[in-house]
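# Notes for the structure review
The residues making up each chain are set out below.
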Amino acid sequence: MKYFLRIYIPIFLCFLVPTAGKAQDRPTVSGYVKDASNGEGLIGVSVYVREAGTGVITNPYGFYSLTLPSGTYTLVYTYIGYNKLEKSVTLTADQRLDVEMTEESRQLQEVVVSTRKEDENVRSIEMSVNRVEMKTIRQMPALLGEVDLIRSIQLLPGVTTVGEGASGFNVRGGDISQNLVLLDEAPVYNSSHLFGFFSVFNPDAVKDVKLIKGGIPAQYGGRISSILDVRMKEGNSKKREINGGIGTIFSRLTYEQPFMQGRGSFIVAARRSYIDVLAKPFLNKDLKGARFNFYDLTAKANYRLNDKNTFYASGYFGRDVFGADFGFGWGNGTATARWNHVFSNKLFLNLTGYYSNYDYALESDSKEENPDRFVWNSKIISKSVKPDFTYYLTPNNQISFGGQYIHYDSRPGAAIAISAGERRDISLQPRYGDESALYIGNEQKVSERLSLQYGIRYSHYRYLGPGQVYEFREVVPGERKFPVLPGEQYRQGETIQQYGNWEPRFSMNIGLSSTASIKASYNRTAQYLHLLSNTAASSPLDVWTLSTRTIRPELADQVALGWFQNFRDNTYEASVEVYYKTLQNQIDYVRNSDLLLNRYVEGDLLFGEGRAYGAEFYLKKNKGRLTGWLSYTLARTERLVEGVSNNNWFPARFDKPHNFTAVGIFGLNDRWTLSSNFTFTSGTPATFPTNRFVWKNWALPYNVYNARNNNRIPAYHRLDLAATLKSRKKLFGRGEGEWVFSVYNVYNRRNPFSVYVRQNEDNPQITEAVRYSVIGTVVPAVTYNFRF
């Protein structure tokens, strides 16, 4: 922490000093834009100055700032789904102007799938960025009728998953650990419930969802593939509100209320599954005590002290529990505290501190008196402080700068084995590290047709003691490396290894017309935290580890070029993006690698290069009775590791050349809304034998060419349907209710999760390929949602 402050404070003062002067040639108008119905800050509202022909958009807290010559101006506030608002302002000195926008009343059958400014996709500097509105996600078909954020973003271009029910998601050639998933700026290390079928995000508590796949701004760091930035609701500051839902396998309840005469508000949202409760009457005596459920609690509060200071506190706690005579559970916990401070009409600060914990526990027997037991716990904890400043130099120049300090505490395995009452500790030593970063960036409108966003980030990482460190000796490339004993011992806080990386960022928008533009971007990213997993899909038992002497930071460089076009008065928007990404220090594994409770796990790791390239096609209809989008991605993801696949490039486990999705939402009338999803993707790569040996009447498969991922399992495709019916009757005399009827996997496709080869049970000389499907049937569901 001291290292970070020594560097950061002088840089901060350099930026703060120019703002301290009170003399101003050009006055500034600034303020917050909020929703009139609930007081929530609106993100991305366009604030346009009609007389000056310039404008800005609101930041993630709804704040905006415009510096203009003295005079009288008309400020036009626009946001799709809200009534346009105009305010006349005479500027002779700095002025505060907070406004509230009201939702517009639409034709009863009309559906809107975006709340952004109509031409934002063309005019914005952002590229490789997708937003899915929560209103849209709620209308889409979902597994068992339960709205899910992660499954919804898998319908976007460039986003895939290795299979049905797999945890996480893959973006442009990255594995799931290379996505930075943020909940109110705190990282979430495992974003899944129930082994990947549901996400940890309660849809009733989510305000905004933003996926950044490229052109990553300088304020983001720590992962090399993407940023999923999820912002929670702040709570209704106008009135008390209760909403929730009763579903097939779990229910949810959310409560919002203002306090202190509307200066503050809070929201509390809870969910719990009840599969175990429903199944209990049907379980035999051996399973009577079985537990298999998940639950989570999300909460947030905010308080506006005055016009210059607002405080936020939010948290999440969730857990999955499985077990009968054994116990198995995992879960995330996060806590975030934030302070928004307006130093002046031009300088805005958001100071964030967070705590994030992911842990899992495994017990072979839940009865403590049993003389033969095994208990295993693992966790990773990160704590951080992160100041982010925004300086509104002019309407055409918006400077962002700040830094971050993160402390990592990794506990890969605290394990106790008890045999015949004798206790043996087989725990692994904890690992510690810290990461510091400084950044500065500028978003600049050079001319009416040219906009730039450029910046630089420097990150510095230290692997810290105490601990014993081993060097490893390679005998044969691609095979297990052996430790050189004894290891070297380091004291507490002593630096074992350190790395530093410059991470330049650049984006450009060239306007071709009022409805078309070309965009380009480049970014380098660095990652010091790694997930060790050698299974087909990630599991809760996978181990997070830090960069060490042997495990170097992962690096990625990506360039992207895109064409963006709007049609028919911005009703349709289209884009084509091509990208090329190179990756360094990618982790692979030796054959039969042992990743769990292995003191010498680094000897089982291999390191290589990666590349990913592709084209993403996207067509979206934003307004009308029928809305939705079509998406097609043509892409390849490959790896090169010495000693693997004859030292040739081979497809990564999550390589999917073809990925097509179609989403449609149709407003039938004022009560019925119909929706559908269709997905088609290539099958994932797999390593299949090319020959076999017969030994003592047993057929033994063998890959004579030693090629990794030399084949591909069958393609995946699925159709889902849903219908939403609004109730005529008021709930408790004043509330609203709706029924959601959904059918998942309509035509009963047995999509393969994996294909493996085995010997026939009746004749061992016969080998056969077996298709394993996670969901191989139609899944209907009914959910009732309410709000009052």
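Quick notes on the rules
- Residues numbered from 1 in each chain as written.
- Predicted model: local features only at pLDDT ≥ 70, side-chain atom pairs only at ≥ 80, totals over all residues.
- Heavy atoms only, no water.
- Helix = DSSP H or I, 4+ residues; strand = E, 2+ residues; numbered from the N terminus.
- Buried < 20%, exposed > 50% of the residue type's maximum accessible area, 1.4 Å probe, protein only.
- Contact = heavy atoms within 4.5 Å.
- Lys, Arg positive; Asp, Glu negative; His and termini not counted.
- Charge placed at Lys NZ, Arg CZ, Asp CG, Glu CD.
- Pairing = 2+ DSSP bridges.
- Axes fitted to C-alpha atoms, helices over the stretch in contact; angles between N-to-C directions.
- Phe/Tyr/Trp six-rings, centres within 6.5 Å; stacked < 30°, edge-to-face > 60°.
- Lys NZ or Arg CZ within 6 Å of the ring centre and 35° of its normal.
- Patch = residues over 30% accessible without salt bridge, like charges linked within 9 Å, V, L, I, M, F, W, Y side chains within 5 Å.
- Areas by Shrake-Rupley, 256 points an atom, 1.4 Å probe, with all protein chains shown as cover.
- Salt bridge = Lys/Arg side-chain N within 4 Å of Asp/Glu carboxyl O.
- 1 Å grid on protein atoms, 1.4 Å probe; cavity = no way out; pocket = protein on both sides within 12 Å on 5 of 7 lines; lining within 4 Å.
- Points joined across faces, edges and corners; volume = space filled by probe spheres on them.
- Core = buried A, V, L, I, M, F, W, Y, C linked by side-chain atoms within 4.5 Å.
- pLDDT = per-residue confidence, 0-100.

Before going further, it helps to examine the overall build of the chain. Assigned secondary structure in the chain consists of 5 helices and 51 strands. Counting only C-alpha atoms and orienting by the principal axes, one finds that the chain spans roughly 95 × 65 × 55 Å. Relative to its 788 residues, the chain shows a buried fraction of 57%. Within the chain, contacts between residues at least 6 apart in sequence are counted, and of these 66% link residues at least 24 apart. Both charge centroids of the chain, one from 92 positive and one from 76 negative side chains, sit 3 Å from each other.

Strands sit in the order S3-S2-S5-S6 across an open sheet of 4 strands; the sheet is antiparallel. Looking at which strands have only one partner, the edges of the open sheet turn out to be strand S3 (54-57) and strand S6 (85-91). In this sheet, adjacent strand axes meet at a mean angle of 25° when their direction is disregarded. In terms of strand pairing, strand S2 (residues 46-49) meets S3 through 4 bridges, oriented antiparallel.

Applying the stated criterion across every chain, the model contains 33 aromatic pairs. Taking the centre distance of 5.2 Å and the plane angle of 10° together, the rings of Tyr 461 and Tyr 528 count as stacked. One end of the pair, Tyr 461, is in strand S29 (residues 450-464); the other, Tyr 528, is in the loop between strand S33 (516-527) and strand S34 (529-532), with 67 residues separating them in the sequence. Judged by relative accessible area, Tyr 461 falls into the buried class, the value being 0%. Summarising the aromatic geometry, the rings of Tyr 470 and Tyr 600 are spaced 5.1 Å apart at their centres and angled 80° between planes, so their arrangement reads as edge-to-face. Of this pair, Tyr 470 sits in strand S30 (residues 467-473) while Tyr 600 sits in the loop between strand S37 (572-589) and strand S38 (605-621), placing them 130 residues apart in sequence. Accessibility expressed as a relative area gives 31% for Tyr 600, which makes it partly exposed. In textbook terms, an aromatic cluster arises when at least three aromatic residues are bridged by ring pairs, as seen for Tyr 32, Tyr 61, Phe 63, Tyr 312, Phe 348 and Tyr 392. Geometry around Tyr 312 places Arg 338 over its ring, the cationic atom sitting 5.4 Å from the centre. Stacked on the ring of Trp 649, the Lys or Arg Arg 611 has its end atom at 4.0 Å from the ring centre.

Bringing a nonpolar patch on the surface into the picture now. On the surface, Ile 510, Leu 512, Ile 518, Leu 561, Trp 563, Phe 567 and Val 578 cluster together into a nonpolar patch covering about 560 Å² of accessible area. Counting residues per element, the ones that place at least two in the nonpolar patch are strand S32 (495-513) and strand S36 (554-567). When residues of the nonpolar patch are assigned to their parent elements, the largest contribution, 3 residues, is made by S36. Mapped onto the secondary structure, Val 578 falls in strand S37.

The next subject is the sheet that holds strand S13 (residues 186-187). Pairing within the open sheet is mixed, and its 5 strands lie in the order S9-S16-S17-S12-S13. With one partner strand each, in any of the chains shown, strand S9 (129-131) and S13 form the two edges of the open sheet. Two strands pair when backbone bridges link them, and S9 and strand S16 (residues 206-212) are joined in this way by 3 bridges, in the antiparallel orientation. Of the residues in S16, the one forming a bridge with Val 129 is Ile 212.

Right, let's talk about the side chain of Thr 637 for a bit. With respect to the helices and strands, Thr 637 occurs in strand S39 (residues 626-641). Apart from residues no more than four positions distant in its own chain, Thr 637 is found in contact with Gly 173, Arg 611, Ala 612, Phe 650, Pro 651, Ala 652, Phe 654 and Asp 655.

With that settled, consider the pattern of salt bridges. Taken as a whole and judged by the stated rule, the model has 43 salt bridges. Between Asp 557 and Arg 524 there is a salt bridge, and its shortest N-O distance comes to 2.9 Å. In this pair, Asp 557 is assigned in strand S36 and Arg 524 in strand S33, connecting sequence segments 33 residues apart. Of the charged contacts in the structure, one is a salt bridge between Arg 712 and Asp 655, with a shortest N-O distance of 2.9 Å. Of this pair, Arg 712 sits in strand S46 (residues 711-712) while Asp 655 sits in the loop between strand S40 (650-651) and strand S41 (658-667); the two residues are 57 residues apart in sequence, bridging distant segments of the chain. For Arg 712, a relative accessible area of 26% translates into the label partly exposed.

Bringing empty space enclosed by the protein into the picture now. Taken as a whole, this structure holds 13 cavities of 30 Å³ or more when the rule is applied. Computed from the structure, the largest cavity encloses a volume of approximately 420 Å³. Arg 151, Gln 154, Leu 155, Thr 161 and Arg 718 are, among the 34 residues lining the largest cavity, the residues nearest its centre.

Pairing between strand S5 (residues 71-78) and S6: 7 bridges, direction antiparallel. Residue pairing for S6: Thr 72 is matched across the bridge by Thr 90. Between S5 and S6, which pair antiparallel one after the other, the connecting turn spans 6 residues, and Gly 81 there sits at a positive phi close to 95°.

Of the pairings in the sheet, the one linking strand S18 (residues 241-246) to strand S51 (residues 779-787) comprises 4 bridges and is antiparallel in character. Bridge pairing links Gly 245 to Asn 785 in S51. Here strand S48 (residues 736-744) pairs with S51 via 9 bridges, running antiparallel. In the sheet register, Trp 739 faces S51, and the bridge partner there is Tyr 784.

The subject of this paragraph is the nonpolar core. Counting residues in hydrophobic clusters, the biggest one holds 40 residues, and the most contacted among them are Leu 143, Leu 144, Tyr 189, Phe 198, Tyr 358, Leu 529 and Trp 544. Apart from the residues lying within four places of it in its own chain, the contact partners of Leu 144 are Phe 198, Thr 248, Ile 249, Ser 742, Val 779, Pro 780, Ala 781 and Thr 783. Counting residues in each nonpolar core, the second largest holds 29 residues, with Met 134, Leu 155, Phe 169 and Val 230 among its members.

The next subject is unusual backbone geometry. Put simply, Gly 465 and Pro 466 share a cis peptide bond, and its omega is 10°. Within the secondary structure, Pro 466 is located in the loop between S29 and S30.

Attention shifts here to the environment of Val 446. Position of Val 446 among the secondary structure elements: in the loop between strand S28 (431-445) and S29. Val 446 gets classed as partly exposed once you look at its relative accessible area, which sits at 45%. The spatial distance from the C-alpha of Val 446 to the C-alpha of Asn 397 is 8.8 Å, given a sequence separation of 49 residues. Not counting residues within four places of it along the chain, the set of residues in contact with Val 446 comprises Ser 451 and Leu 452.

Another point: the environment of Val 76. Along the chain, Val 76 falls in strand S5. With 566 residues separating them along the chain, Val 76 and Glu 642 place their C-alpha atoms 59 Å apart. Residue contacts for Val 76: discarding those within four places in its chain leaves Ser 46, Val 47, Tyr 48, Arg 50, Lys 84, Leu 85 and Glu 86.

For the rest of this paragraph, the subject is the environment of Gly 44. Structurally, the position occupied by Gly 44 is in the loop between strand S1 (28-35) and S2. Classification of Gly 44 as buried rests on a relative accessible area of 9%. Sequence spacing of Gly 44 and Lys 34 is 10 residues, and the spatial spacing of their C-alpha atoms is 11 Å. The residues contacting Gly 44, other than those within four sequence positions of it, are Ile 57, Thr 58, Asn 59 and Tyr 79.

Take the confidence of the model for the chain next. Residues of the chain with pLDDT of at least 70 account for 92%, and the chain-wide mean is 88. For residues 11-24, every residue scores under 50 in pLDDT, and the model assigns this stretch 10 contacts once sequence neighbours within four places are set aside. Here residues 107-115 is a poorly scored stretch, pLDDT under 50, and it has 36 contacts once near neighbours within four places are set aside; other chains count.

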